[in-house]
Number of protein chains: 2
Amino acid sequence: MAKKYQVVGIGNALVDVLAPCEDQFLADNGVEKGIMQLIDTARASELYGMMGPAKEVSGGSAANTIAGIAALGDRTAYVGKVKADQLGDIFEHDMRAQGADFEVPRSPADAVDETGRCMVLVTPDSERSLNTYLGVSEHLGPDDIDPAMMADAEWLYLEGYRFDGELSHAAFAKAIAACKGAGGKVSVTLSDPFCVDRHHQAFRDMIRDHIDLLFCNEHEMAAMYPADTLEESIAEAASRVEIVACTVGAKGAYVARGGETVLAPAEASKVMDVTGAGDLFAAGFLHGLVNRRDMMTCGRMGCVAAGEIIGHIGARPEADLGALFKEKGLE
Amino acid sequence: MAKKYQVVGIGNALVDVLAPCEDQFLADNGVEKGIMQLIDTARASELYGMMGPAKEVSGGSAANTIAGIAALGDRTAYVGKVKADQLGDIFEHDMRAQGADFEVPRSPADAVDETGRCMVLVTPDSERSLNTYLGVSEHLGPDDIDPAMMADAEWLYLEGYRFDGELSHAAFAKAIAACKGAGGKVSVTLSDPFCVDRHHQAFRDMIRDHIDLLFCNEHEMAAMYPADTLEESIAEAASRVEIVACTVGAKGAYVARGGETVLAPAEASKVMDVTGAGDLFAAGFLHGLVNRRDMMTCGRMGCVAAGEIIGHIGARPEADLGALFKEKGLE
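None of the values given here were measured: they were computed from a predicted structure.

1. Here's the deal with the sheet that holds strand S14 (residues 260-265) of chain B
Residue and element names in this part refer to chain B. Judged by pairing direction, the sheet is mixed, and its nine strands sit side by side in the order S6-S5-S1-S9-S10-S11-S12-S13-S14 without closing on themselves. For this open sheet the edge positions go to strand S6 (101-102) and S14, each flanked by a neighbour on one side alone. Judged from the two bridges that link them, strand S5 (residues 76-79) and S6 form a sheet pairing that is parallel. Directly across from tyrosine 78, in S6, lies its bridge partner phenylalanine 102. Sheet strands in contact with helix H3 (residues 61-71) are strand S1 (5-10), S5, strand S9 (153-159) and strand S10 (185-189), and its direction is about 160° off that of S1.

2. Here we look at the sheet that holds strand S7 (residues 116-122) of chain B
Hydrogen bonds between backbone atoms are what pair the strands of a sheet, whose relative direction is either parallel or antiparallel. Read from one edge to the other, the open sheet built from ten strands follows the order S3(A)-S8(A)-S7(A)-S2(A)-S4(A)-S4(B)-S2(B)-S7(B)-S8(B)-S3(B), with strand pairing classed as mixed. Strands at the two margins of the open sheet, each flanked by one partner only, are strand S3 (36-38) of chain A together with strand S3 (36-38) of chain B. Going from strand to strand, the sheet's axes swing by 25° on average, the running direction of each strand aside. As defined by bridge partners, strand S4 (residues 55-58) of chain A adjoins strand S4 (residues 55-58) of chain B across three bridges and the pair is classed as antiparallel. Bridge pairing links valine 57 of chain A to lysine 55 of chain B in S4 of chain B. Running at roughly 50° to S4 of chain B, helix H4 (residues 86-97) of chain B makes contact with S4 of chain A together with strand S2 (14-20), S4 and S7 of chain B of the sheet.

3. Describing the interface of chain B and chain A
Every contact between the two is made by 19 residues of chain B and, on the other side, 19 residues of chain A. Those elements giving two or more residues to the side of chain B that touches chain A turn out to be S4 and H4 of chain B. Take the side of chain B that touches chain A: its biggest share by element is six residues, from H4 of chain B. Tallied by class, the residues present in the side of chain B that touches chain A amount to eight nonpolar, six polar and five charged.

4. Things to note about the relation of the copies chain B and chain A
By a simple turn and slide, chain B fits onto chain A: the slide is 0.0 Å along the axis, the RMSD is 0.0 Å, and the turn is 180°. On this basis, the relationship between the two copies can be described by a two-fold rotation axis. Within chain B, glutamate 56 of chain B has its C-alpha nearest the rotation axis, a separation of 2.4 Å. Counting the interface residues of chain B, we find that 100% of their copies in chain A are interface residues as well, pointing to one common contact surface.

Calculation notes
Residues numbered from 1 in each chain as written. Chains lettered and ligands numbered in written order. Predicted model: local features only at pLDDT ≥ 70, side-chain atom pairs only at ≥ 80, totals over all residues. Pairing = 2+ DSSP bridges. Helix = DSSP H or I, 4+ residues; strand = E, 2+ residues; numbered from the N terminus. Contact = placed C-beta atoms within 7 Å. Axes fitted to C-alpha atoms, helices over the stretch in contact; angles between N-to-C directions. Nonpolar A, V, L, I, M, F, W, Y, C, P; charged D, E, K, R; others polar. Least-squares fit on C-alpha atoms with pLDDT ≥ 70 in both.

Have a look at this one:
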């Protein structure tokens, strides 16, 4: 019997607060360009006070991936923590409206930590610099994991950012055990090179022991498996997991499986905001995988989905991804 | 001595919740196309549950106008009510970050009515259908009006939608008295033809007794001064106020003053979402007016600002309006 879910994602449930800015703004306000920085409540308030008018769009890395897979019509669920507040309403609405299940009980209205948000500063070169106030999403722990849901998933998709949370290691372990125990497979995204540095051994152990599919970009790959060349790092990763999918920016993505590596070409027509490019690559790739497509097709689907997301502001799909795949002859 | 504010706007403080939808969705869910409908909490919840993933952008008709004027570097303030909740934070941030003053005390976190929101459903023809849950913005009353601020304004800009609120008639009267008593002038926008029908006599009395500049579109004009032709309606309006600015969609806008009427041509390059077109027309027009430009230039500035806003999702400016004016030889 088919499992209820093709992909279940676990990660930081965040609402993105997106605003354009000049490079000088980043320098003036101590924001490191192009990466994710965790910030506390005071810093979040200070930075928000300095930044320009913004738009709010549901975000969160794994949540973006699950939204993309749901938009493609696959059976998905998402696990992440929000509060019973207005941003929590927005996050929950957008996830369910996209067709994904989202059943995690929300922390009550009188809880201290609010729904998390990520201030996304987009510079004129379309690069994004992320400033994340985790809020209640930080507290995702084993109690939030429903083993029955994990057992009913073909694939788990774990967000590397969650390695920053002590309780989440146990949550991931519980989810992996339930999923694998029922014959499911597990994927992880490395999320960020600095996150990899912070938790190198934990990533290494999990990848070696449990991971079937590894998502990353070239910078995260270099942090995870340092080597003289990207090819060597990919080979190193591929000796530990069944599939490696490593995005390489404007060149596209390498996909390695069973001793063979292919390069799927990038598919962006215009670049406005690279927020969510990696998340949507994973969405397209997993869509191909659960529909039994070959590695090159999975990689190309990933690149087309990533190309859609960087063409507009925000990391949730706006165009019909399935129609884009058809245009490209992929479905 | 120059007044502190060139334009002070008063209206419904709302956060827009924008989502694309098909025409069938409007029909299935009893949404009237192209107009504004007031909805209660239960209906807001029901409709939000049915609609697709959305983006949140600060809105509110007069607030959009003030944001546009502030973006052009003029001295502005906005008066409208929000609650001390997350959507209130967003509204306040976006207004101040744009450079407008916003000092109205927020209703406390334990108040029943939340910050208002407007569900904006955008159909494939780029038309928008507005479903407004007013929340706390409905309670804007005389106590929210600071006479010193009104006396320090060259122009007041009043949002016709507020005629739906009993207390707001008294708030408008208080603001007008303070502004005019100090030599200021008063403009109003008719906002919506059905709103005009609901409060026809109140609009008539206010226009006759207090208004110097009337903003409307052709449908609102026909509701306000019914006649066989638009020209006759405009003439009727022009006999009562100093300036009439009436937008006529893709044709542009008629501006009538002192027995002379000019047509400023529309300036849209692409149309994605007409939300806020009228609001930004008023912003461009008032920017021209407070900078002592002739009527044709004011009208053209209005059309350029409206053209910017309909080229993207959301009713707050994204491009540099001043730079657009320069490109068109207007500044």
